[in-house]
Structure formats: structure tokens, C-alpha cells
Amino acid sequence: RTEISSEDPNLLIASENGCVTLNKSNLVEVQPRLVIKGDVDFNTGNVDFAGSLAIGGDVKAGFKVHVVGDLEIGGCVEDAEIDVEGNVLIKKGFIGRGKGLIKTTGNLTVKYVHGQNIMCGGNVVAGGEIMHSHVRASGNVIANSRKGVIMGGRIEAECNVETTTLGSTSYTPTEVTVGIDFKLLDRLKEINEELKKVKENQDKVKKALYNIR
């Protein structure tokens, strides 16, 4: 995964993206997977990695993580921004005050979600509850384990929503939408906004013409 420069024999070049390491034989290697043993916090700062990433601890509120490959998180994700071009595995929960966002083009597997936002290009699979959250998935949203609950918030899936318990006896508003192409829906919203602006401009022109008369 490394090669000697053709122009400088003393220059070693990485032949692919990854994490530069020194192995036990004191040889330089480029590993496609980076491991952060602790939390993503002020000690690490934001993380932007062109490969797969494993985080042993939590991703603290206010921090950003961008990964080109897959992402594995051993702890929780707080009010952070996660942007992944592969699959995401969160061994604990996604929690906070609604300021967090996970965007992934692949699948997302998480233990539980409380009051957060998810945009997923594949399936969202929760081991426990999804509560008071906005979840949009191009595949399925699944929380069908023994402790699976979807309560509060808005769930949108292009395919299916599967859960053990939907809503609650306390009449918590829970909105579920399935079978919709969200790209077309977003485009429809954009068109409606454009039509609204056109109408506002028309009203302004009519008012200006009326004043001229």
C-alpha cells in the first residue's frame, strides 16, 4: 500500500487512502481502517477520514465525523454530525436535544434513538426504541425486537416500517409514512416554494402598477 517515488528514492508515497502506521518490523504501512480508542471530543477534534473508522467511545456533542468507508462506534452519539458513505454501527444509542444528525448512504444499526435526526440511504435497524425522532430511510425502518418501540416524532420509509409497539397509550403523536419516493417529495416541496415566491412577486407587481395609476 506504499511505493517509492520514481523521482526521489528517499520519498515514500501512499498508493491508496488510509491511516499511516509503523508496524512491528518498523515498516511504514497505510491501513484502510483507523481506530480511535477513546471518545471523539476536544482531544481528537473533528474527524475526516478516507477509509473505515472504529471509535471505541462516544462521539460528543458539537463534533463532526466524516468517513468515506464504514463507521463503527462502541459508545453513544450525542448532538453530533455524522456523515458516512458506507454502513454505520452504533453499539449504544443516538441521544441528545435534537441537534444531532446521522447521514449515511448505507445501512444504520443502532441500539436506540432518542430525539434525534437520521437520513439513511439503506435500512435503519434499532435494537430497542426509536422515540421522538425524525427518521428517513430509503429502505426499511425496523424496530421489531422484544423491546422494539416507535413512539413520537416522524418516521419515513420508502419500503416498510416494522415494529413491536407503535405509539403509546398516552396518545403521543407518532407520524409514519411509507411507500414514498422522497426525492420526488423534496422536489415537489421545492416547486411549491418556487410557486409561492412567483405569486408573491406577482402581487408586488400588481400593487406597484396600481400605485402608478
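Being a predicted model, the structure only gives us computed values, none of them experimental.

Cut-off values and rules
For every chain, the first residue of the written sequence is number 1, and numbering continues from 1 onward in sequence order. The predicted origin of the model limits local features to residues at a pLDDT of at least 70 and limits the giving and counting of side-chain atom pairs to 80 or more, whereas totals for whole chains, interfaces and linings rest on all residues. Only hydrogens and water are set aside; all other atoms, that is, all heavy atoms of the structure, feed into the side-chain values. Between buried and exposed lies partly exposed: a residue is buried under 20% and exposed over 50% of the maximum accessible area for its type, with that area taken using a 1.4 Å probe on protein chains only. Runs of E in the DSSP output that reach at least two residues are strands. Runs of H or I that reach at least four are helices, and both are numbered from the N terminus. Strands are treated as partners if at least two bridges between them are detected by DSSP. Pairs of residues are marked as contacts when any of their non-hydrogen atoms sit within 4.5 Å. Salt bridges are defined by distance alone: a side-chain nitrogen of Lys or Arg within 4 Å of a carboxyl oxygen of Asp or Glu.

Draft legend 1. Representation of the pairing of strand β5 (residues 33-36) in the model. A one-sided burial pattern is seen for β5, the buried positions being L34 and I36 and the unburied ones R33 and V35. Note that β5 and strand β7 (residues 52-55) share four bridges and pair parallel. Opposite I36, over in β7, you have I55 as the bridge partner.

Draft legend 2. How the structure looks around unusual backbone geometry. Positive phi values are uncommon outside glycine, yet H132 reaches one of about 50°. Inspection of the secondary structure puts H132 in strand β16 (residues 129-137). Positive phi outside glycine occurs at Y171, with the angle close to 60°. Residue position: Y171 is located in the loop between β20 (165-166) and β21 (174-178).

Draft legend 3. Main features of the side chain of T177. Examined against the element boundaries, T177 turns out to sit in strand β21. What makes T177 buried here is its relative accessible area of 19%. When neighbours within four sequence positions are excluded, T177 is seen to be in contact with I155, E156 and A157.

Draft legend 4. Local environment of the pattern of salt bridges. Counted under the stated rule, the structure contains nine salt bridges. Across the salt bridge formed by E156 and R136, the nearest N and O atoms sit 2.8 Å from each other. Remark: R136 occurs in strand β16 and E156 occurs in strand β18 (residues 149-157); sequence separation between them is 20 residues. Across the pair E190 and R187 runs a salt bridge, and its minimum N-O distance is 3.0 Å. Of this pair, E190 and R187 both sit in helix α1 (residues 182-212), three residues apart, roughly one helical turn. Here the salt bridges do not stand alone but share partners, grouping R136, R154, E156 and D186 into one network.

Draft legend 5. Summary view of the environment of K92. As for its position among the elements, K92 is in strand β11 (residues 88-94). When the C-alpha positions of K92 and V77 are compared, they lie 8.0 Å apart, and in sequence the two are 15 residues distant. When residues no more than four places from it in sequence are discounted, the contact partners of K92 are G74, G75, C76, V110, K111 and Y112.

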